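Geometric and topological summary
The primary structure of each chain is shown beneath.
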Amino acid sequence: MPIIKVNGKNVHFQELNPDGTETVFMLHGMLGNLAIFYFQIAPLLAARFRVILYDLKGHGLSEKAPEGYDLTSMAEDLIALMDSFQLRMVHLTGYSYGALIALKAAILYPVRFKKLAIIEAPNPCDEEPLEMISAYKYNKEALSEYVSSRTNGSLQAKGKRRSAKDNRLHDFLFTETSIREDMHLERSFFYGGSINGILHKTLLIYGQGSDCLADGYALSYKMTNSRLVLLEGDHAVPVQQPIETALCLERFFCK
Amino acid sequence: MDTLIQNESIDDKEIFIILKQFISEVIGEEFLEDIGITEDTSFSKDLEMDSIELVAFSEKVRSHFGQHIDFPGWLSGMDIDQMIQLKIHDIIKFIQQCRSSK
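The final tally for this structure, using the stated rule, is eleven salt bridges over all chains. In this structure, the salt-bridge partner of Glu53(B) is Arg161(A), at a minimum N-O distance of 2.6 Å. Linking Glu53(B) in helix 3 (residues 51–65) with Arg161(A) in helix 7 (residues 160–175), this pair reaches from one chain into another. You'll find Glu53(B) and Arg161(A) in the same group, each marked buried. The salt bridge partner of Lys165(A) is Glu53(B), with a shortest N-O separation of 3.4 Å. Here Lys165(A), found in helix 7, pairs with Glu53(B), found in helix 3, and the two come from separate chains. Among the residues examined, Lys165(A) registers a relative accessible area of 21% and is labelled partly exposed. The buried category is assigned to Glu53(B), whose relative accessible area is 6%.

Attention shifts here to the nonpolar core. Counting 62 residues, the largest nonpolar core has Met26(A), Leu19(B), Ile23(B), Phe43(B) and Phe57(B) as the members making the most contacts within it. For this core, the leading source of residues is helix 1 (residues 12–27) of chain B, giving eight residues. Discounting chain neighbours no more than four positions away, the residues touching Phe57(B) are Leu19(B), Phe22(B), Ile23(B), Val26(B), Phe43(B), Met49(B), Phe71(B) and Ile91(B). Formed by 57 residues, the second largest nonpolar core is a distinct cluster that contains Ala75(A), Ala106(A), Phe174(A) and Leu204(A).

The next point concerns the interface of chain B and chain A. Contacts between the two partners involve 24 residues from chain B, matched on the other side by 22 residues from chain A. Surface buried jointly by chain B and chain A totals about 1,900 Å² across both partners, of which 59% is contributed by carbon and sulfur atoms. Ranking the residues of chain B by area buried against chain A places Glu48(B), Ile52(B) and Val55(B) at the top, with a combined share of 31%. Viewed at the interface, chain A and chain B are joined by three salt bridges. Those elements giving two or more residues to the side of chain B that touches chain A turn out to be helix 3, helix 4 (71–75) and helix 5 (80–84) of chain B. When residues of the side of chain B that touches chain A are assigned to their parent elements, the largest contribution, nine residues, is made by helix 3 of chain B. Split by residue class, the side of chain B that touches chain A holds 13 nonpolar, five polar and six charged.

Residues and elements named next belong to chain A. The terminal C-alpha atoms of helix 3 (residues 71–84), which comprises 14 residues, lie 20 Å apart, in line with the 20 Å expected from a rise of 1.5 Å per residue. Within helix 3, ten of the 14 residues are buried, which leaves it mostly tucked inside the rest of the structure. Listed as buried for helix 3 are Leu 71, Ser 73, Met 74, Ala 75, Asp 77, Leu 78, Ile 79, Ala 80, Leu 81 and Met 82. Lining the buried residues of helix 3 we find strand 1 (3–6), strand 3 (23–27), strand 4 (50–54), strand 5 (90–95), helix 4 (97–108) and strand 6 (113–119). Of the residues one or two after helix 3, Gln 86 is the one with positive phi, at around 55°.

With that settled, the discussion passes to the side chain of Thr93(A). As for its position among the elements, Thr93(A) is in strand 5. When residues no more than four places from it in sequence are discounted, the contact partners of Thr93(A) are Val24(A), Phe25(A), Met26(A), Leu27(A), Ala117(A), Ile119(A), Leu249(A) and Phe253(A).

Cut-offs used in this document
Residues numbered from 1 in each chain as written. Chains lettered and ligands numbered in written order. Predicted model: local features only at pLDDT ≥ 70, side-chain atom pairs only at ≥ 80, totals over all residues. Heavy atoms only, no water. Salt bridge = Lys/Arg side-chain N within 4 Å of Asp/Glu carboxyl O. Helix = DSSP H or I, 4+ residues; strand = E, 2+ residues; numbered from the N terminus. Buried < 20%, exposed > 50% of the residue type's maximum accessible area, 1.4 Å probe, protein only. Core = buried A, V, L, I, M, F, W, Y, C linked by side-chain atoms within 4.5 Å. Contact = heavy atoms within 4.5 Å. Buried area = accessible area lost by both parts, 1.4 Å probe. Nonpolar A, V, L, I, M, F, W, Y, C, P; charged D, E, K, R; others polar. Expected span 1.5 Å × (residues − 1).

Fair warning: the whole summary comes from geometry, so function is off the table for now.
Below you can see the structure in the form of structure tokens.
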């Protein structure tokens, strides 16, 4: 597996079309991994761009880490990875938690990014996910029910082995890391003006039925150089509409 | 195991044995002992392979058979239902197609 050392941790990455002249970096969401883009969205983008995907720390095939899940640390990992590839400026795409990292990276390191594509960024002031994480030790099923309710049960049903594997990831992230505390400190991220200062050309992609849709409208209001596109689906829109998502991204980055 | 094999011909049975080894490395021998794996075994329903395991598996296939085995490109043409129904014999067929068109 392609592994690279980033800020002292082993990071699993995948690179498509290494000869592409412009590069798109893609960041997955919390509890996910790079595969959300790898099989359908990234190959379509790779017809025009060099595409680099990686598993965030503690996720997928990257090394586990007990702390550093705040948006600033995650953005620093992204910049360190770009430096390893000797890339000064790239297009950036993020989904959900990965979209929050993308926004933070654009705020902290504006000159390193050309255009931003933000997919289903949730307002981290929402207490419900944090309460689910807090309650996880006592009620593991509640988390699965919560995830299922956000995606209208549209994601694939899991068998015993997959459920056990997912539980191991949840056990690790929610009982052995600082992820809950780190995200708790990000509650005011959508307020205070820093997002208003993002001047990059930005595409916002949300599902028409997503419970984060209001957050998409809020971002489109705050980010003067943004455009909001709604696709059929909910919070899992890149899984539900991978081709449409890829086409939106391709058109946006090609312009 | 992930050594590059490019030029000599290889039959479906040999590819199946190699793929079975890769699957064992990705999802663990313990689980495989409980199910009888055949060419008709599906990646999702029978093996319960998740997407990141499929990425690891496709990496092993490319390392072994060559980078022209473009899994992401091949799978990008499928919808989610087709991907879920993928069976080992579909992968064998794809590898043979890639090898013959190289």
